[in-house]
Amino acid sequence: MKLEGKVALITGGGGGMGGAQARLFAREGAAVCVADLFADKADAVTNAIAGENGRAMGVRLDVQSSAEWQAAVDATERMYGPVSILCNNAGANFRVSFDEQTEEMWQLIIGTILTGSFLGTKAVIPSMRRAGGGVIVNLGSLASIRPGGASPAYGAAKIGLVGLTRSTAASYARDGIRCVLVSPGHVDTPFLRANAPYSPNDARTSLDNPDNYQRRLAATPLGRLQTPEDIARAFLFVVSDDAAMVTGSMLTVDGGAGL
Ligand SMILES: NC(=O)c1ccc[n+]([C@@H]2O[C@H](COP(=O)([O-])OP(=O)(O)OC[C@H]3O[C@@H](n4cnc5c(N)ncnc54)[C@H](O)[C@@H]3O)[C@@H](O)[C@H]2O)c1
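The sections below set out a description of the structure shown in this document. (Residues numbered from 1 in each chain as written. Predicted model: local features only at pLDDT ≥ 70, side-chain atom pairs only at ≥ 80, totals over all residues.)

**Some points on the packing of helix α1 (residues 16-27) against helix α2 (residues 39-51)**
Helix-helix packing is characterised by the crossing angle of the two axes and by the distance between the axes.
Piece 1. The geometry of α1 relative to α2 is characterised by a closest axis approach of 10 Å and an angle of 25° between their N-to-C directions. Put simply, α1 runs roughly parallel to α2. When the axes of α1 and α2 are compared, the crossing they make is right-handed. Between α1 and α2, the residues in contact are Gly19, Ala22, Arg23 and Ala26 and Val45, Ala48 and Ile49, respectively.
Piece 2. Looking at the contact of α1 with α2, its residues break down into five nonpolar, one polar and one charged. (Axes fitted to C-alpha atoms, helices over the stretch in contact; angles between N-to-C directions. Helix = DSSP H or I, 4+ residues; strand = E, 2+ residues; numbered from the N terminus. Parallel < 35°, antiparallel > 145°, perpendicular 65-115°, else oblique. Left-handed = near helix turned anticlockwise from the far one by under 90°. Contact = placed C-beta atoms within 7 Å. Nonpolar A, V, L, I, M, F, W, Y, C, P; charged D, E, K, R; others polar.)

**Examining unusual backbone geometry**
Piece 1. Of note in this structure, asparagine 53 is not a glycine but carries a positive phi near 65°.
Piece 2. Mapped onto the elements of the fold, asparagine 53 is located in the loop between α2 and β3 (55-60).
Piece 3. The backbone of serine 151 sits at a positive phi, close to 40°, despite the residue not being glycine.

**Overview of the environment of asparagine 93**
Piece 1. Assignment of secondary structure puts asparagine 93 in the loop between β4 (85-88) and α4 (103-131).
Piece 2. Each C-alpha atom, one on asparagine 93 and one on tyrosine 198, is 6.4 Å from the other, the two residues being 105 residues apart in sequence.
Piece 3. Among all residues touching asparagine 93, those that are not within four sequence positions of it are Ile109, Ser151, Tyr154 and Ser199.

Printed below as a string of C-alpha cells:
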C-alpha cells in the first residue's frame, strides 16, 4: 500500500496507460479521479476499480479547457480531499509529414499534450499546496529524446514537456511538489491501434498491421513492446516516496528503443 491516503487525478484515465495507472494506484490505496474526454471510457475504468473495492470517480475532462480543469479538481477535492498526484497522460497525434500537417492538427496536438499539461499543473497546484505537497507526472515519448521527421507538432509537444517538467520542478520544489517526465517507447494501446479522433490510424500506421507491429518490435532491443502495466509500475515508483528526491528528471521506459 504505497499510496495510502493519496488522491490522484489521472487524465487520459479511460485509455490504455491512464487506465493501468488508475487501477494500480487504487490497489495501492489511493483514491482516484479518472478523467477523460470520453465519459464512458472513464466510467469503465471507474467501474473496474469499484469491482476490486477500490475508490474511484469518473469525470469528463477536455484537458485543453482551463474551466473544465478547475471543475475536475474541485470535484475531486470535494469527494476525496486535496489532490496529491496528477498524471498528465492525455495526448493526440496525426502521423503525417510536415507538408501534410495542418494548422488544425498542430493546434490539437500542442493543445492536448503541452497546453493541457500546463493547464493541469496550474489547476492542481493550489490543491497540492493544501495537501502539503504532491507529484506531477508528465507523459513523454521517444519524441522527448529524439523528435524526428514525422508529425512536427508531436515532436515539438513532447520535447516541450522536457522544459515544462523542469520548469514545474524548479518552481514548486519549495512547496514539496515534484515533477517528473516518464517517457515510454512503443506501448501496445489504442493510441497506436485504433482510429480514434485524437489519434487516427489506418493500415499505414496501426499495430493491427503485422508489418507495423514487427517494425516497432525490431526497434525495441529488449524484445517486446511495452504494456500499459510496464509504464504504470514506473509511474508508481515516481509518485511514491521511493522517489522522494527525484524531480525535474526523465525516466525512460522504452525497452532500449531510444538507444
Ligand atoms: N502508445 C504508445 O506507444 C505511446 C508511447 C509514448 C507516449 N504515448 C503517449 O501516451 C498518451 C496516450 O495514451 P495511450 O497510449 O494509453 O493511448 P489511449 O488512446 O488508450 O489513451 C489516451 C486517452 O486520452 C484521452 N484523451 C484524448 N484527448 C483528450 C483530451 N483532450 N482530454 C482528455 N482526455 C483525452 C482518450 O480518450 C484516451 O482515453 C499520449 O500522450 C501519447 O503521446 C503513447
